[in-house]
Amino acid sequence: MFTDAFHGTFCTKRLCAPKSPWYKITPFKSWFNQPTPPFRIVEMTFTFTTFTGTATGPVVSKTITRPALTGHQLFVKTTHSGVCGTDLLYRHAGIGLGHEGAGIVQEIGPQVTNHKVGDRVAWGWVNGSCGECAACQEGYIAVCQNAPNQYGDSNLDQGSYSTGAVWDSRFVYRIPDSMASEDVAPILCGGWTVWNALVGYNLKPTDHVGVIGIGGLGHFAIQMANKMGCEVTAFSGTESKKADAISLGAHHFVATKIPKGEKLTLARPVNHLLICTNAHIDWDLFTPILAGRATVFPLQIPHDMSAPLMIPHMPFLMKSINVVYSTNGRHDSYDKLLAFSALHGIKPVSEKLPMTVEGIEQSFEKLLNGEMRYRGVLVADA
């Protein structure tokens, strides 16, 4: 990009007044063969704050500096971050926390063509892939055969709990004008997880969708399945979330804490069952309500991640039940998810907290106690 010493700017450079007297700086010659004014060109670096966990527990803030942008990189000023249960798994890992962010593009690298300075953008837990393997060629970046760049595995010094970050522009997505940034951040993980189950496995508008657990994942699943034209039944332990489930779009609500020996009763069997709780379910309770050739999606990350998923083999075999683990979809599906959400007004039920050590600790406490309704959103200072 063309510039001069008086007016222009570079994509990755800036004109800065020197701290030392200008006569101590060797001037360079302009095209008029005259000494330049007392300015010099320096490489731009990016300094921002990232919030990380520690081995002993407390969240701390760290100052991070990244060098000048190259290739497809861009620098985003973080404005919002969703708070996900997965973040709890990394609170003692000493990495930059957060993987569902939204912000404003501040600078772009020389090869960035899909975003410009000032764009509102969002990103999720996959922030890079090789782009060459069979999985990437089909668009499934999260299962890149050459190791995708994912939260917890790469870019460990930064996250969406931050004042800014440097990302690959090809894994950052423009926010529709009609959507608030605070609503988009959680959709790029919690919404993305259930979206892929609903759009990737032959769901039809005539199907009956069951959603177990009305929380960070489940409240998105209810909204999306309803807007896709499906009949939706929400399952929760007690009646306490019935009103919320119905307002989100569930046609039916079933409380599952029933006396031992009793069975769940539904007017018609379930074709797609999304398990959105944080624990494994009682298959004796749910297997009888599944339709033949139904699909079950275990989307939860249980508190005890070593606990095996015990499936009733013969009942599933005889009814041809499909069990699908689905936490990712095609790369182009991110933009489709945002377009769908903008069109149908899908957004999280959320609690706002400040993007500070205290705000993060409070959000973690709410998650651990099951008090978050239903996604936490950290808000950075303007």
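In case you missed it, the structure is sitting above this.
These remarks concern the structure in this document. (Residues numbered from 1 in each chain as written. Predicted model: local features only at pLDDT ≥ 70, side-chain atom pairs only at ≥ 80, totals over all residues. Heavy atoms only, no water.)

## Looking at the overall build of the protein
Worth spelling out the cut-off: To qualify as a helix, a DSSP run of H or I must reach at least 4 residues; to qualify as a strand, a run of E must reach at least 2; elements of each kind are numbered from the N terminus. Areas reported here follow the Shrake-Rupley algorithm with a probe of radius 1.4 Å; residue values treat only the protein chains shown as occluding.
Along its length, the protein carries nine helices and 19 strands. When the accessible surface of the protein is summed, it comes to about 18,300 Å², and 55% of that surface belongs to carbon and sulfur atoms.

## Considerations on the state of the cysteines
Test applied: To count as a disulfide, a pair of cysteine sulfur atoms needs to be within 2.5 Å. Any residue under 20% of the maximum accessible area for its type is buried, any over 50% is exposed, and the rest in between are partly exposed; the area is computed with a 1.4 Å probe on protein chains only.
If you walk through the whole model with that rule in mind, you get zero disulfides. Looking at the unpaired C189, the closest cysteine sulfur is the one in C84, lying at 4.1 Å. C189 gets classed as buried once you look at its relative accessible area, which sits at 8%.

## As for the nonpolar core
How we decide: Definition used in this section: a nonpolar core is a set of buried Ala, Val, Leu, Ile, Met, Phe, Trp, Tyr and Cys residues joined via side-chain atoms within 4.5 Å. Here, residues are in contact when the closest pair of their heavy atoms is within 4.5 Å.
Core analysis: the largest hydrophobic core is formed by 65 residues, its most contacted members being Y161, V194, I222 and L274. Elements with a contribution of two residues or more to this core: α3 (181-199), β12 (208-212), α4 (218-227), β13 (231-236), α5 (242-248), β14 (252-255), α8 (333-344) and α9 (357-368). In terms of residue count, the dominant contributor to this core is α3 (ten residues). Setting aside residues up to four positions removed in sequence, V194 forms contacts with L217, F220, A221, M224, L274, C276 and L299. Core analysis: the next-biggest nonpolar cluster, separate from the first, contains 17 residues, V254, L264, I289 and L290 among them.

## Some thoughts on the sheet that holds β12
Applied cut-off: Two strands make a pair as long as DSSP finds a minimum of two bridges between them.
Ordered in space as β14-β13-β12-β15-β16-β17, the six strands form an open sheet in which the pairing is parallel. Each having just a single partner strand, β14 and β17 (322-323) make up the two edges of the open sheet.

## Some thoughts on the pattern of salt bridges
The following threshold applies: The working definition used for a salt bridge is a side-chain nitrogen of Lys or Arg within 4 Å of a carboxyl oxygen of Asp or Glu.
Taken as a whole and judged by the stated rule, the model has 14 salt bridges. The residue R66 makes a salt bridge to D157 at a minimum N-O spacing of 2.8 Å. You can see R66 sitting in strand β4 (residues 60-66) and its partner D157 sitting in the loop between β9 (149-150) and β10 (164-168), a full 91 residues away along the chain. The class of R66 is buried, set by a relative accessible area of 15%. The class for D157 is partly exposed, based on a relative accessible area of 29%. Close ionic contact of R170 with D168 constitutes a salt bridge, the shortest N to O distance being 2.8 Å. Residues joined in a network through salt bridges with shared partners are K116, D119, R174 and D177.

## Side note on the packing of aromatic side chains
Applicable threshold: Here a pair means two rings of Phe, Tyr or Trp (six-membered ring of Trp) with centres within 6.5 Å. Their orientation is stacked below 30 degrees between planes, edge-to-face above 60, and tilted elsewhere. Should the NZ of a Lys or the CZ of an Arg lie within 6 Å of a ring centre and within 35 degrees of the ring normal, that charge is described as sitting over the ring.
Within this structure, the stated rule accounts for eleven aromatic pairs. Between Y90 and Y151 the ring centres are 5.0 Å apart and the planes differ by 65°, which places this aromatic pair in the edge-to-face class. Linking Y90 in the loop between α1 (85-89) and β6 (101-108) with Y151 in the loop between β9 and β10, this pair joins segments that are 61 residues apart in sequence. Relative accessible area serves as the criterion here: at 23%, Y90 is assigned to the partly exposed category. A relative accessible area of 10% means that Y151 is categorised as buried. Ring geometry for W195 against F340: centres 5.1 Å apart, planes inclined by 50°, an arrangement best described as tilted. Here W195 is found in helix α3, whereas its partner F340 is found in helix α8, with 145 residues between them in sequence. Exposure remark for W195: the relative accessible area of 6% places this residue in the buried category. For F340, a relative accessible area of 15% translates into the label buried. Between R330 and the ring centre of Y140, over which it is positioned, the NZ or CZ distance is 6.0 Å.

Any functional reading would require information beyond the geometric quantities listed.
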